[in-house]
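These are the residues of each chain, in order.
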Amino acid sequence: MSLILPINVDDLLHCQGVESARIEFKASWDSKTTGYQVLKSICAFANDLQNLNGGYIIIGVEEGDGCAVLPPRGVPPHQIDEIQKWIRGNCNRLDPEYQPVMSPEFVSGKHLLVLWVPASDVRPHRAPDGEKGERKYFVRLGSESVDAERNGVLDQLMQLTAKVPF
């Protein structure tokens, strides 16, 4: 059981306790491709359009039919710190800034990095669409992180975030 995460990693890997739409699996890490996909997913989970309380991104696990392909691939242990630094630094590019909770985990003899992305109190967030791309509002629709404007839900996101709780 992780000391950082509110759910057991094995439950996440077996899609138990959390809907598969709230979990994103990344088989490997590459800052030029996977990195920007992860930023979009962080933005989408933080925006939490459907009020599902965010989601989880697991780096080092391949996805198949919406769930983890086990055993996990893992990421090289020396790369965990590099990935965390890249994510922390590039989350400063989100507008407004947002930092997920990062938890290095060891499962089935493999190193994984689990990002817990709770719904944000200061949404809506925008993330860069690629290394030099413009910032866009990303949301989760099913199991995908998509551009809210292109998918006709930007107004819904703005209305959701304009509500003031009493």
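Within every chain, residues take consecutive numbers counted from 1 along the sequence as written. With pLDDT at 70 or above as the cut-off, local features in this predicted model cover only qualifying residues; side-chain atom pairs require 80 or more to be listed or tallied, and sums for whole chains, interfaces and linings still use all residues. Here the side-chain values reflect all heavy atoms present in the structure, with hydrogen atoms and water set aside.

A. Just the pairing of strand 9 (residues 138-141), in detail. Strand direction decides the pairing type here: strand 9 and strand 10 (residues 144-147), joined by four bridges, are antiparallel. Paired with Arg 140 across the two strands is Ser 145, which belongs to strand 10. Between the antiparallel neighbours strand 9 and strand 10 lie two residues, among them Gly 142 with a positive phi of about 65°. When DSSP finds at least two bridges between two strands, those strands are taken to pair. Elements are defined by DSSP. Helices are runs of H or I of four residues or more, strands are runs of E of two residues or more, and each kind is numbered from the N terminus.

B. Just empty space enclosed by the protein, in detail. The way it works is a 1 Å grid over only the protein atoms, where trapped points that fit a 1.4 Å probe form a cavity and open points with protein on both sides within 12 Å along at least five of seven lines form a pocket, and then any residue with an atom within 4 Å of a point lines it. Grid points are joined across faces, edges and corners, and a volume is the space filled by probe spheres set on the points. Going through the model one piece at a time under the given rule, you end up with one cavity of 30 Å³ or more. Space inside the largest cavity adds up to approximately 100 Å³. Taken together, Ala 21, Arg 22, Ala 44, Phe 45, Asp 48, Leu 49, Gln 50, Leu 52, Gly 54, Arg 140 and Gly 142 make up the full set of residues lining the largest cavity. Residues are grouped as follows: Ala, Val, Leu, Ile, Met, Phe, Trp, Tyr, Cys and Pro are nonpolar; Asp, Glu, Lys and Arg are charged; all remaining types, including Gly, are polar. By residue class, the composition of the lining of the largest cavity is five nonpolar, three polar and three charged.

C. A look at the sheet that holds strand 2 (residues 55-59). Read from one edge to the other, the open sheet built from four strands follows the order 1-2-6-5, with strand pairing classed as mixed. Either end of the sheet is taken by a strand with one partner, and the two such strands are strand 1 (23-26) and strand 5 (101-107). Each adjacent strand pair in this sheet contributes to an overall mean axis angle of 20°, direction not counted. Note on definitions: a residue-residue contact is assigned when non-hydrogen atoms from the two residues lie within 4.5 Å. The convention used is that axes are lines fitted to C-alpha atoms, helices contributing only their stretch in contact, and that angles between N-to-C directions extend from 0 to 180 degrees. This element, helix 3 (residues 77-91), spans strand 2, strand 5 and strand 6 (110-117) of the sheet and lies at about 20° to strand 6.

D. Spotlight on the state of the cysteines. We call a pair of cysteine sulfur atoms a disulfide whenever their separation is within 2.5 Å. Overall, the coordinates contain one disulfide when judged by the stated rule. At a sulfur-sulfur separation of 2.3 Å, the disulfide partner of Cys 15 is Cys 67. Here Cys 15 is found in the loop between helix 1 (9-13) and strand 1, whereas its partner Cys 67 is found in strand 4 (residues 67-68), with 52 residues between them in sequence. Only protein chains enter the accessibility calculation, which uses a 1.4 Å probe; a residue whose area is less than 20% of its type maximum is buried, one above 50% is exposed, and one in between is partly exposed. The buried category is assigned to Cys 15, whose relative accessible area is 18%. For Cys 43, which is in no disulfide, the shortest distance to another cysteine sulfur is to Cys 91 and amounts to 9.7 Å. With a relative accessible area of 0%, Cys 43 lands in the buried category.

E. Representation of the nonpolar core within the structure. Here, the term nonpolar core denotes a set of buried Ala, Val, Leu, Ile, Met, Phe, Trp, Tyr and Cys residues that are joined through side-chain atoms within 4.5 Å. Ile 42, Ile 59, Ile 87 and Leu 115 are the most contacted members of the largest nonpolar core, which totals 25 residues. The dominant element in this core, judged by the number of residues it contributes, is helix 2 (residues 34-47), at eight residues. Excluding anything up to four places from it in sequence, Ile 59 contacts Lys 26, Ser 28, Trp 29, Val 38, Val 75, Ile 83, Ile 87, Leu 112, Leu 113 and Leu 115. In terms of nonpolar packing, the next biggest core, distinct from the first, is built from 17 residues, Ile 7, Cys 15, Ala 68 and Trp 116 among them.

Any link to function would need more than the numbers given here.
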